[in-house]
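Survey of secondary and tertiary structure
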Amino acid sequence: MPLTLEQLNAATPQEATTLLDGVYEHSPWIAQRALDARPFRSLAHLKHALVRAVATATVDEQLGLIRAHPELAGKAMVAKSLTAESTNEQNKAGLTNCTPEEFARIQQLNADYNARFGFPFILAVRGPRGTGLTKAEIIATFERRVHHHPDFERAEALRNIHRIAEIRLNDKFGASNTLGEMVWDWQEALAVHSDPGYAQQGQLTVTYLTDAHRAAARQIAQTMQEVGFDSVHIDAVGNVVGRYEGLTPDAKTLLTGSHYDTVRNGGKYDGRLGIYVPMACVKALKDQGRRLPFAFEVVGFAEEEGQRYKATFLGSGALIGDFNPAWLDQQDADGITMRAAMAHAGLKPEDIPKIRRDPSKYLGFVEVHIEQGPVLNELDLPLGIVTSINGSVRFVGEVIGMASHAGTTPMDRRRDAACAVAELILFAEQRAARDPDSVATVGMLQVPSGSINVVPGHCKFSLDIRAPQDAQRDAVVADVLAALKDICERRGVRYTLEETMRAAAAPSAPAWQQRWERAVESLGLPIFRMPSGAGHDAMKLHEVMPQAMLFVRGLNSGISHNPLESSTSDDMQLAVQALQHLLDNLALEPQP
């Protein structure tokens, strides 16, 4: 019989520790300390209490926990002295059936890793879905992590230990993550569509109105129909729109969704998680035969990333009437205009004004999104509440000095354009670091016609500055631009600077942020508030209706816009449950 929270909460400390035996390898002290948080309100609450017990332990205790784990395909496996839990995990990953070459490679990696860090390599080999990583994935992760900084790798080992414990707890409690696993599987299935040239390399790239993009739209629409939406269509810009109607025809609508296009060689979850999580909620409602006192509209936005055309937020912008007709004449890298791409896709630009939404008919907009950063991952928290989407300003500039001979120009006579930009980069870094949540980035840097023996006469650069409030962002911008002026005057060089983009911050509507907070708290998880450094479709909807976002933890330091972008079906399950709580609680409120 599976263990229950009622049993665990009622047990004596000794009995409870015994009930949790095997969750953390040879480390009963973790369970003993976590029991102080009883009564556990949910399995998620128990998992978090165990995480906190490790987080508050000493470094020596943490290292002891790591060293209590066996090496992958190591001596303990060969000697068959692994615990039952470890035997099961390594067997599921195929590590008990390695080829001689695979075994030799893993043994060498084990030796290199131990020599560098002094503890064994820990990896949750059952993976983000719980069904097991392949040996190739395990070896690739091993090879990547052996180069980490020791402090970071110790934390990464602990994070993997928590994932191992999470899966073991699921087994012990007979926990079902049916909806989270469905969301995970849907995203994997959608990732088969990729643009030419990238698909052959096993890379995910889906840009606006390519064949892969249109195939993805059809697949999303088909899944919407299968799970029970009342109506599904692809609109005039390629957005996939599904509606689950409310109890009455005149009910207002709650809008949600995210984008299904990707950056080049991107990840499987950016944007797409925010389409599939609400789709799982609709499936649950349909299965239960339930209607809400409001309609629920889920939109897979056709374009957010601005990869094929310079038309970022095209999909969500069209819903608020912000579609620039001049975009239709833009050409992609192959000379294909957006107008031609739309015609090829069977879309009619003249119909775009018809898809503009009337904000008076909507309650608001909510969006679920993978975090795309390391914060939740480092804190071992599955969900975070977004307080504001950062406002941003972007520039492109050039410093013009004087190219001269690198060997004959004395250091105090140089007009080095690259050094001026280097000084600016360091100032921007230091200035942004003084503010909570401000960021400044020089992501593009070029010395045109540079030579190894020439003092740079020109240096081109980009500048991206963001902050949760516009005033905070503008203060950083003012200081950085003043520094640029001072640096150039002092160094005897000049500069040009062009502002290329300015987006206002989008603070979450307090009432909607609080609805997310109540939903997360109801799961037994702590409420963690954080800004979003990245832009999202919610920024566009923010212009016409209240909005708020929920972040979901990513794996691999929360990396995004990268094939390593990942999340677990457990965290996706929690995201579905949080949105279900928000919908249920909203249904109990007086309807406007």
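The structure contained in this document is the topic of the report that follows. None of these values were measured; they are calculated from a predicted model.

Considerations on the overall build of the chain
Helices and strands together make up the secondary structure of the chain, namely 21 helices and 16 strands. For the chain, the C-alpha radius of gyration of 26 Å lies close to 25 Å, the compact-globule estimate for 592 residues. Structurally, the chain occupies a C-alpha span of about 75 × 70 × 45 Å along its principal axes. When the 592 residues of the chain are sorted by exposure, 54% land in the buried category. The long-range fraction of contacts in the chain, counting pairs at least 24 apart against all pairs at least 6 apart in sequence, stands at 77%. Carbon together with sulfur atoms contributes 53% to the accessible area of the chain, which is approximately 25300 Å² in total. Averaging the positions of the 59 positive and the 72 negative side-chain charges in the chain gives two centres separated by 1 Å.

Quick notes on the packing of helix 5 (residues 59-67) against helix 10 (residues 150-173)
It is at 10 Å that the axes of helix 5 and helix 10 come closest, and there the two elements cross at 60 degrees. When the axis of helix 5 is compared with that of helix 10, the two are oblique. Taken as a pair, helix 5 and helix 10 cross one another with a handedness that is left-handed. Taking contact as the criterion, the partners of Val59, Gln62, Leu63, Leu65 and Ile66 in helix 5 are, on helix 10, Arg154, Ala157, Leu158 and Ile161. Of the residues that constitute the contact of helix 5 with helix 10, the class distribution is seven nonpolar, one polar and one charged.

A few points about the pattern of salt bridges
All chains considered together, the criterion is met by 44 salt bridges. Here Asp230 and Arg291 are joined by a salt bridge, their closest N and O atoms 2.5 Å apart. In this pair, Asp230 sits in the loop between helix 12 (211-227) and strand 1 (231-234) while Arg291 sits in the loop between helix 13 (273-288) and strand 4 (295-301), placing the two residues 61 residues apart along the sequence. The class for Asp230 is partly exposed, based on a relative accessible area of 37%. In the salt-bridge network here, residues are joined through shared partners; they are Asp470, Arg473, Asp474, Glu499 and Arg502.

What to know about the state of the cysteines
Inspection of the entire model under this criterion finds zero disulfides. Counting only cysteine sulfurs, Cys459 is the nearest neighbor of Cys419, a cysteine outside any disulfide, at a range of 9.3 Å.

Overview of the pairing of strand 4
The buried count for strand 4 comes to seven of seven residues, which makes it a mostly enclosed element. In this sheet, strand 4 lies alongside strand 2 (residues 240-244) in antiparallel orientation, the contact comprising five bridges. Among the inter-strand pairings, Gly242 is bridged to a residue of strand 4, identified as Val298.

As for the pairing of strand 1
One ladder, built from four bridges, connects strand 1 with strand 2; its direction is antiparallel. Directly across from Val232, in strand 2, lies its bridge partner Gly242. Here strand 1 hands over to strand 2 after five residues, with Gly238 in that stretch at a positive phi of 100 degrees.

Some points on helix 11 (residues 178-190)
With 13 residues, helix 11 extends 18 Å from end C-alpha to end C-alpha; this agrees with the ideal 18 Å at 1.5 Å per step. For helix 11, the set of buried residues is Leu179, Gly180, Met182, Val183, Trp184, Trp186, Gln187 and Leu190. Of the surrounding secondary structure, the elements contacted by the buried residues of helix 11 are helix 12, helix 13 and helix 21 (569-588).

Things to note about helix 13
One turn of an α-helix holds 3.6 residues; hence residues three or four places apart share an orientation. A rise of 1.5 Å per residue sets the reference length of helix 13, with its 16 residues, at 22 Å; its end C-alpha atoms lie 23 Å apart and thus fit the reference within 8%. Of all 16 residues making up helix 13, 12 are buried, and the element is well covered by its neighbours. Residues of helix 13 that are buried include every one of Leu273, Gly274, Ile275, Tyr276, Val277, Pro278, Met279, Ala280, Cys281, Val282, Ala284 and Leu285, and no others.

Things to note about the packing of helix 17 (residues 417-433) against helix 18 (residues 470-491)
Running from amino to carboxyl end, helix 17 crosses helix 18 at an angle of 150 degrees, the nearest separation of the two axes being 10 Å. Compared by their axis directions, helix 17 and helix 18 come out roughly antiparallel. Here helix 17 and helix 18 pass one another in a crossing that is right-handed. Judged by residue contacts, Cys419, Ala420, Glu423, Leu424, Phe427, Ala428 and Arg431 of helix 17 engage Ala475, Val476, Asp479, Val480, Ala483, Leu484, Ile487, Arg490 and Arg491 from helix 18. Partitioned by chemical class, the residues of the contact of helix 17 with helix 18 number 11 nonpolar, no polar and five charged.

Description of unusual backbone geometry
Following Arg38, the chain continues to Pro39 via a peptide bond in cis, the omega torsion being 5 degrees. By secondary structure assignment, the location of Pro39 is in the loop between helix 3 (28-34) and helix 4 (43-55). In this model, Ser449 sits at a positive phi of 55 degrees, which is unusual for a non-glycine residue. The residue Ser449 is located in the loop between strand 10 (445-446) and strand 11 (454-455) in this model. Ser449 sits in the exposed class, given a relative accessible area of 76%. The phi dihedral of His561 is positive, around 55 degrees, even though this residue is not glycine. Mapped onto the fold, His561 is located in the loop between strand 16 (547-552) and helix 21.

What about the environment of Arg414?
Along the chain, the position of Arg414 falls in the loop between strand 8 (404-405) and helix 17. Of the residues examined, Arg414 reaches a relative accessible area of 22% and is grouped as partly exposed. Each C-alpha atom of the pair Arg414 and Leu95 lies 60 Å from the other, and the pair is 319 residues apart in sequence. The residues touching Arg414, leaving out its near neighbours within four places in the chain, are Ala406, Thr409, Val455 and Arg491.

Calculation criteria
- Residues numbered from 1 in each chain as written.
- Predicted model: local features only at pLDDT ≥ 70, side-chain atom pairs only at ≥ 80, totals over all residues.
- Heavy atoms only, no water.
- Helix = DSSP H or I, 4+ residues; strand = E, 2+ residues; numbered from the N terminus.
- Rg over C-alpha atoms; globule rule 2.2 N^0.38 Å.
- Buried < 20%, exposed > 50% of the residue type's maximum accessible area, 1.4 Å probe, protein only.
- Contact = heavy atoms within 4.5 Å.
- Areas by Shrake-Rupley, 256 points an atom, 1.4 Å probe, with all protein chains shown as cover.
- Lys, Arg positive; Asp, Glu negative; His and termini not counted.
- Charge placed at Lys NZ, Arg CZ, Asp CG, Glu CD.
- Axes fitted to C-alpha atoms, helices over the stretch in contact; angles between N-to-C directions.
- Parallel < 35°, antiparallel > 145°, perpendicular 65-115°, else oblique.
- Left-handed = near helix turned anticlockwise from the far one by under 90°.
- Nonpolar A, V, L, I, M, F, W, Y, C, P; charged D, E, K, R; others polar.
- Salt bridge = Lys/Arg side-chain N within 4 Å of Asp/Glu carboxyl O.
- Disulfide = S-S within 2.5 Å.
- Pairing = 2+ DSSP bridges.
- Expected span 1.5 Å × (residues − 1).

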